[in-house]
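Descriptive analysis of the structure
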Amino acid sequence: MANGEYTLQELAVFLSAELKGDPNCRITGIGSLDQAFSGQISFLKDPHYFKYLATTKASAVIVKPEHVNDSANFIIANDPYLAYAKISVLFNDAPKAAPGIHPTVLFGEGCEIGSNVSIGPYCVIGRKVKIGENAQIEAGCVIGDDVVIGEKTRLYPRVVLYHKVKIGKCVLLHSGVVIGSDGFGNANEKGVWHKIYQLGTVLIGDDVEVGANTTIDRGAIGDTIIEDGVKLDNQIQIGHNVHIGAHTAIAGCVGIAGSTKIGRYCMIGGGVGITGHIEITDGVIISGKSAVGKSITKPGMYASSIPVMPYRIWARVLVRLAQLEDMVHRLNVLEKKI
Amino acid sequence: MANGEYTLQELAVFLSAELKGDPNCRITGIGSLDQAFSGQISFLKDPHYFKYLATTKASAVIVKPEHVNDSANFIIANDPYLAYAKISVLFNDAPKAAPGIHPTVLFGEGCEIGSNVSIGPYCVIGRKVKIGENAQIEAGCVIGDDVVIGEKTRLYPRVVLYHKVKIGKCVLLHSGVVIGSDGFGNANEKGVWHKIYQLGTVLIGDDVEVGANTTIDRGAIGDTIIEDGVKLDNQIQIGHNVHIGAHTAIAGCVGIAGSTKIGRYCMIGGGVGITGHIEITDGVIISGKSAVGKSITKPGMYASSIPVMPYRIWARVLVRLAQLEDMVHRLNVLEKKI
Amino acid sequence: MANGEYTLQELAVFLSAELKGDPNCRITGIGSLDQAFSGQISFLKDPHYFKYLATTKASAVIVKPEHVNDSANFIIANDPYLAYAKISVLFNDAPKAAPGIHPTVLFGEGCEIGSNVSIGPYCVIGRKVKIGENAQIEAGCVIGDDVVIGEKTRLYPRVVLYHKVKIGKCVLLHSGVVIGSDGFGNANEKGVWHKIYQLGTVLIGDDVEVGANTTIDRGAIGDTIIEDGVKLDNQIQIGHNVHIGAHTAIAGCVGIAGSTKIGRYCMIGGGVGITGHIEITDGVIISGKSAVGKSITKPGMYASSIPVMPYRIWARVLVRLAQLEDMVHRLNVLEKKI
């Protein structure tokens with residue numbers, strides 16, 4: 001297999017899937033059904049795109065069994081989107097980190113660096129740091145004392161891990177991520193805030209991905225915990241002592257206040273805000289821009305955000321919202337009269 | 001012209017505007033009408049500030065023709081705020097990046113660096129990177145392989161550009177910006193997320209400004225596109241395959257989910273959240289903190305955010321919101337009875 | 001006193017508090033009442049936790065006078081949470097920055113560096129920078145020309161301060177913080193934006209803490225001001241010419257638009273958005289995820305966010321919201337008929 005060029009046969013084997021059409025058809029990339037070029041493979045996920053199946057220029061399409069016809073080359077999969085996800089790695093041309101440890105990298109004493117670890121220029125590694133084999137640490141990362149980084153984990157440029165943070169295996173941390181910064185803990189004495197020193201750390205499981213500029217604070221007492229398989233998008237803020245269950249996915253710009261526990265297999269939409277000291281059970285889906293103010297004990301979909309309206313209509317709604325109390329009283333009066 | 005010191009005559013010539021008063025009046029800075037010192041020039045934009053025109057200590061004021069009187073020195077402009085914007089560059093004392101390429105800068109093979117390019121200390125530049133003439137790259141930036149940076153573009157300290165990102169001319173990228181990080185793409189198989197490798201990149205036009213810690217993800221298939229003249233504030237998150245039309249301005253903390261297309265000449269207020277896979281036409285204005293849940297096909301102003309009320313009043317509104325359904329039924333009953 | 005190990009007597013003396021029980025009881029850490037180990041001290045803040053007082057494994061507990069009994073070791077404090085905050089520093093094991101100035105640090109001309117200052121590897125310091133004694137600047141920070149940093153202030157790794165920013169004493173700036181980036185100033189001419197150069201700077205008082213990846217823009221004209229004792233959480237965006245009064249605390253993901261003035265002793269919840277050019281008086285509390293659209297002149301608690309409901313219920317509320325206008329008309333008709 002040449003990198004980034006495969007026969008349809010090779011892709012079908014990779015997916016353990018059936019193919020229909022020319023097994024020798026050469027595939028050099030992936031395109032969306034409406035915009036794919038010849039030489040690309042596409043996939044039919046969204047019923048809206050069914051109309052493009054007849055006209056696509058893709059050389060092959062991944063489809064469900066019921067969408068196979070005689071007009072093109074197909075890979076047949078029950079979940080074409082998942083099949084696309086699986087082959088995407090084959091066409092990934094993102095460069096790997098340069099092998100080896102750059103001479104400008106600085107280490108504190110007592111570090112244990114696994115075999116085949118890459119560390120890029122101008123990284124600063126603290127004392128007693130352990131980095132597992134095949135990990136990649138890109139340029140400009142700063143790793144605090146006593147940090148542990150699992151094998152095959154990759155830090156993109158300019159990640160900061162504060163002291164004692166523990167990162168599992170096969171984790172991806174994108175640029176600008178900060179893990180282990182102090183939680184927001186202050187106690188008030190006559191109006192003046194006293195800092196509460198943050199004595200815990202952050203524990204991150206395996207197969208976690210953390211998006212660019214996301215921040216995860218260390219625990220005040222005890223640790224902030226991100227379990228295996230959690231996927232975090234960009235610019236998320238996770239407060240101290242938050243616990244996120246395995247395989248939960250959280251979209252961009254979400255904020256989660258301190259000590260909240262989120263279950264497994266949850267999906268949190270973009271821009272959601274979640275208050276502190278609550279518990280969200282497994283399998284909860286929260287719609288984008290919603291606010292979560294208390295615990296959620298039943299799985300299912302929740303929402304509270306209002307989609308935009310033309311400004312003049314919305315201005316009237318705001319007026320009426322302020323009159324709701326009055327409307328109820330008017331209803332009460334009417335009901336008594338009749 | 002001494003840097004940062006001009007006669008009123010010189011400023012009028014620079015603006016191609018008429019002046020009234022002393023052409024030799026020396027101007028050394030810009031102040032707001034109510035707080036300006038002697039030696040500063042001010043401007044009258046907001047009618048609220050008209051009252052300060054009589055008492056300002058500014059040595060000259062930029063005003064509309066109808067506000068000229070005999071009491072002071074004026075530059076006359078149809079849009080005083082625009083005139084202020086234009087002269088602001090004359091008083092800008094922000095230091096330029098140090099000339100030349102610092103000896104600590106590391107290059108991959110095959111880079112093409114234009115004439116008069118500045119690159120600050122501890123920058124790491126990948127392979128086959130092209131940087132246009134007069135570009136300024138400040139300290140600690142990390143530039144991936146195959147990146148293209150246009151002429152006169154400036155990267156403030158600690159910007160990261162992932163591989164293959166293309167940046168136009170005269171672009172400003174503020175500190176902490178990350179461009180080209182992986183989009184949030186995952187496909188679910190029995191609860192476990194499979195990463196969708198992000199095969200596209202990010203294309204940024206000319207005259208774009210990107211605020212501090214803003215993140216722009218690379219496309220999954222195809223590219224994320226920011227057209228010419230787009231202005232992005234701080235801490236904005238732009239998902240994969242988003243397309244932002246020319247001359248659109250977006251305020252801080254906005255999140256835009258994947259594959260959404262925003263038109264030209266739009267203005268998006270701070271903290272707005274925009275869902276994925278929708279289209280917003282040209283000339284749309286979205287009020288701050290609103291949520292956009294579906295496509296907008298007509299220009300104009302849209303909103304959905306609720307301004308704060310005293311807590312006790314708001315708590316009643318929340319109670320009544322939950323009773324809206326019941327209120328409608330009560331109305332129905334009443335109408336049937338009468 | 002061994003670091004991180006104290007007798008109960010020593011802690012009581014440190015707090016100037018009374019103790020009851022064994023003064024020689026050895027305390028090596030802090031735990032929550034329900035999860036503490038033997039050897040840890042805990043505290044009773046939340047009445048919900050009262051039930052754990054009988055069963056806790058903590059070796060001592062900080063309680064209010066009314067909660068003292070004969071069953072355990074106590075420190076007696078009117079505000080146990082504040083007492084916990086005060087002793088937290090004793091158990092803080094966060095490493096200090098390495099002493100001295102690392103040989104890789106680069107300085108511009110004319111800097112004044114106080115005694116006992118630490119500066120970590122690969123920091124880049126501009127011209128005429130003044131750093132007060134005992135300040136700690138960690139790895140990878142970039143400090144612009146003419147910056148002033150007060151004594152005992154600590155910059156965690158990868159902080160950027162633009163030119164002329166002034167930081168007080170005993171300030172903590174967490175990783176990824178950017179202070180002094182350009183405010184979002186643009187003037188429109190026939191659809192095209194002209195940049196307004198940002199001529200002011202940022203002034204930060206003493207005892208301020210700024211969370212990871214928070215951004216504070218420099219003033220357009222005049223300065224952005226953060227007064228003494230302000231506490232800012234992570235991922236906050238503060239626009240140009242904002243003024244935040246002393247001892248105000250702001251939680252994560254808040255955005256404050258330009259020229260807004262916030263009073264002293266305010267508390268702003270997470271994810272709040274505050275519009276520009278308004279004034280919020282002293283002692284205002286804003287509930288999380290709310291939107292502030294105009295000035296607030298009276299102290300007290302304000303809110304406007306809606307907590308999530310199950311999706312189907314919320315979908316009905318949205319339908320009814322759009323019908324509010326109609327409901328009022330129906331009420332009017334009914335009232336006329338009766």
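Okay, so let's go over this structure. (Residues numbered from 1 in each chain as written. Chains lettered and ligands numbered in written order. Predicted model: local features only at pLDDT ≥ 70, side-chain atom pairs only at ≥ 80, totals over all residues. Heavy atoms only, no water.)

Glancing now at the overall build of chain A. Along the backbone of chain A there are four helices and 39 strands. Across its three principal axes, chain A shows a C-alpha extent of roughly 80 × 70 × 35 Å. Across the 338 residues of chain A, 57% fall into the buried class. As displayed, chain A offers around 13,400 Å² of accessible surface, 52% of which is attributable to carbon and sulfur atoms. Each charge sign in chain A was given a centre, from 32 positive and 32 negative side chains, and these centres are 8 Å apart. (Helix = DSSP H or I, 4+ residues; strand = E, 2+ residues; numbered from the N terminus. Buried < 20%, exposed > 50% of the residue type's maximum accessible area, 1.4 Å probe, protein only. Areas by Shrake-Rupley, 256 points an atom, 1.4 Å probe, with all protein chains shown as cover. Lys, Arg positive; Asp, Glu negative; His and termini not counted. Charge placed at Lys NZ, Arg CZ, Asp CG, Glu CD.)

Overlaying chain A on chain C yields an RMSD of 0.1 Å, the required transformation being a rotation through 120° with an accompanying axial translation of 0.0 Å. The symmetry that links the two subunits is that of a three-fold axis. Different-surface contact between copies: only 19% of interface residues of chain A are shared with the interface of chain C. (Least-squares fit on C-alpha atoms with pLDDT ≥ 70 in both. Contact = heavy atoms within 4.5 Å.)

One non-glycine residue with positive phi stands out, namely B:Tyr265, at about 55°. For B:Tyr265, the location among the structural elements is in the loop between strand S32 (261-262) and strand S33 (267-268). The exposure class assigned to B:Tyr265 is partly exposed, which follows from its relative accessible area of 36%. One non-glycine residue, C:Lys190, lies in positive phi territory at about 55°. With respect to the secondary-structure elements, C:Lys190 resides in the loop between strand S21 (186-189) and strand S22 (192-195). Residue C:Lys190 is classed as exposed on the basis of its relative accessible area, which comes to 81%.

So, on to the sheet that holds strand S23 (residues 202-204) of chain B. Residue and element names in this part refer to chain B. With respect to topology, nine strands assemble into an open sheet ordered S9-S12-S15-S18-S23-S26-S29-S32-S35, the strand pairing being parallel. Because the sheet does not close on itself, it has two edges, and the strands there are strand S9 (112-113) and strand S35 (279-280). Judged from the two bridges that link them, S9 and strand S12 (residues 130-131) form a sheet pairing that is parallel. Bridge pairing links Ile113 to Ile131 in S12. (Pairing = 2+ DSSP bridges.)

In this assembly, 72 residues from chain A lie in contact with 64 residues from chain C. Between chain A and chain C, a total of about 5,700 Å² is buried, with carbon and sulfur atoms accounting for 66% of that surface. The largest contributions to the chain A side of the interface with chain C come from A:Phe184, A:Trp193 and A:Ile221, which together make up 12% of the buried area. Where chain A meets chain C, there are six salt bridges. Measuring nitrogen to oxygen at the nearest pair gives 2.3 Å for the salt bridge that ties C:Asp93 to A:Lys164. In this sheet, strand S39 (residues 309-310) of chain C lies alongside strand S38 (residues 300-303) of chain A in antiparallel orientation, the contact comprising two bridges. By the bridge assignment for S39(C), A:Ala303 is matched with C:Met309. (Buried area = accessible area lost by both parts, 1.4 Å probe. Salt bridge = Lys/Arg side-chain N within 4 Å of Asp/Glu carboxyl O.)

Residues and elements named next belong to chain A. Where burial is concerned, the two faces of strand S5 (residues 40-43) agree: the one with Gln40 and Ser42 and the one with Ile41 and Phe43 are both buried. Bridge analysis of strand S4 (residues 29-30) against S5 gives two bridges, and the strand direction is parallel. The residue bridging Gly29 from the neighbouring strand is Gln40, located in S5. Sheet topology note: the S5/strand S6 (residues 60-63) ladder contains three bridges and is parallel. Considered in S6, the bridge of Ser42 is made with Val61.

Now for the side chain of A:Ser42. Residue and element names in this part refer to chain A. By secondary structure assignment, the location of Ser42 is in strand S5. Polar contacts involving the side chain of Ser42 include one to the main-chain amide nitrogen of Leu33, which spans 3.0 Å. When residues no more than four places from it in sequence are discounted, the contact partners of Ser42 are Gly31, Ser32, Leu33, Ala58, Ala60, Val61 and Ile62. (Polar contact = N/O pair within 3.5 Å; in protein donor to acceptor, adjacent residues only side chain to side chain.)

Next up on the list: the pattern of salt bridges. Tallying each qualifying case throughout the model produces 33 salt bridges over all chains. The salt bridge partner of B:Arg127 is B:Asp145, with a shortest N-O separation of 2.7 Å. Placement of B:Arg127 in the loop between strand S11 (124-125) and S12 and of B:Asp145 in the loop between strand S14 (142-143) and strand S15 (148-149) is noted, with a sequence separation of 18 residues between them. By relative accessible area, B:Arg127 is classed as partly exposed at 38%. A salt bridge links C:Glu5 to C:Arg26; the nearest nitrogen and oxygen atoms lie 2.5 Å apart.

Of note, B:Lys164 is situated in the loop between strand S17 (160-161) and strand S18 (166-167). For B:Lys164 and B:Val148, which are 16 residues apart along the polypeptide, the C-alpha to C-alpha distance reads 7.2 Å. Other than its neighbours up to four places away in sequence, B:Lys164 contacts A:Asp93, B:Asp145, B:Asp146, B:Val147, B:Thr201, B:Val202 and B:Arg218. Within the structure, the side chain of B:Lys164 is placed 2.3 Å from the side chain of A:Asp93, a separation counted as a polar contact.

Within this structure, the stated rule accounts for 21 aromatic pairs over all chains. Their ring planes at 55° and their centres at 6.0 Å tell us that C:Phe43 and C:Tyr81 sit as a pair that is tilted. One end of the pair, C:Phe43, is in strand S5 (residues 40-43); the other, C:Tyr81, is in helix H2 (residues 80-88), and 38 residues separate them in sequence. Using a relative accessible area of 15% as the deciding quantity, one classes C:Phe43 as buried. C:Tyr81 sits in the partly exposed class, given a relative accessible area of 22%. For the pair C:Tyr81 and C:Tyr84, a centre-to-centre distance of 5.7 Å together with 55° between the ring planes defines the contact as tilted. Separated by three residues within a single helix, C:Tyr81 and C:Tyr84 lie in helix H2, roughly one turn from each other. Of the residues examined, C:Tyr84 reaches a relative accessible area of 3% and is grouped as buried. One aromatic cluster is present, built from ring pairs that chain together A:Phe43, A:Tyr81 and A:Tyr84. It is A:Lys45 that lies over the ring of A:Tyr81; its NZ or CZ is 4.0 Å from the centre. (Phe/Tyr/Trp six-rings, centres within 6.5 Å; stacked < 30°, edge-to-face > 60°. Lys NZ or Arg CZ within 6 Å of the ring centre and 35° of its normal.)

This brings us to the packing of helix H1 (residues 8-15) of chain C against H2(C). If you want to describe how two helices pack, look at the angle between their axes and the distance between the axes. Residue and element names in this part refer to chain C. It is the contact of H1 with H2, at a shortest axis distance of 10 Å, that shows an interaxial angle of 105°. Of the possible angle classes, the one that applies to H1 and H2 is roughly perpendicular. On the side of H1, the interface is formed by Leu11, Phe14 and Leu15, while H2 contributes Ala83, Lys86 and Ile87. Here the residues of the contact of H1 with H2 are counted per class, giving five nonpolar, no polar and one charged. (Axes fitted to C-alpha atoms, helices over the stretch in contact; angles between N-to-C directions. Parallel < 35°, antiparallel > 145°, perpendicular 65-115°, else oblique. Nonpolar A, V, L, I, M, F, W, Y, C, P; charged D, E, K, R; others polar.)

Looking now at the sheet that holds strand S10 (residues 118-119) of chain C. Strand order in the open sheet formed by eleven strands is S39(B)-S38(C)-S36(C)-S33(C)-S30(C)-S27(C)-S24(C)-S19(C)-S16(C)-S13(C)-S10(C), and the pairing between neighbours is mixed. Looking along the sheet, the strands with just one partner apiece sit at the ends: strand S39 (309-310) of chain B together with S10 of chain C. Across two bridges, strand S30 (residues 249-250) of chain C lies against strand S33 (residues 267-268) of chain C in parallel orientation. The residue of S33(C) that forms the bridge with C:Ala249 is C:Met267.

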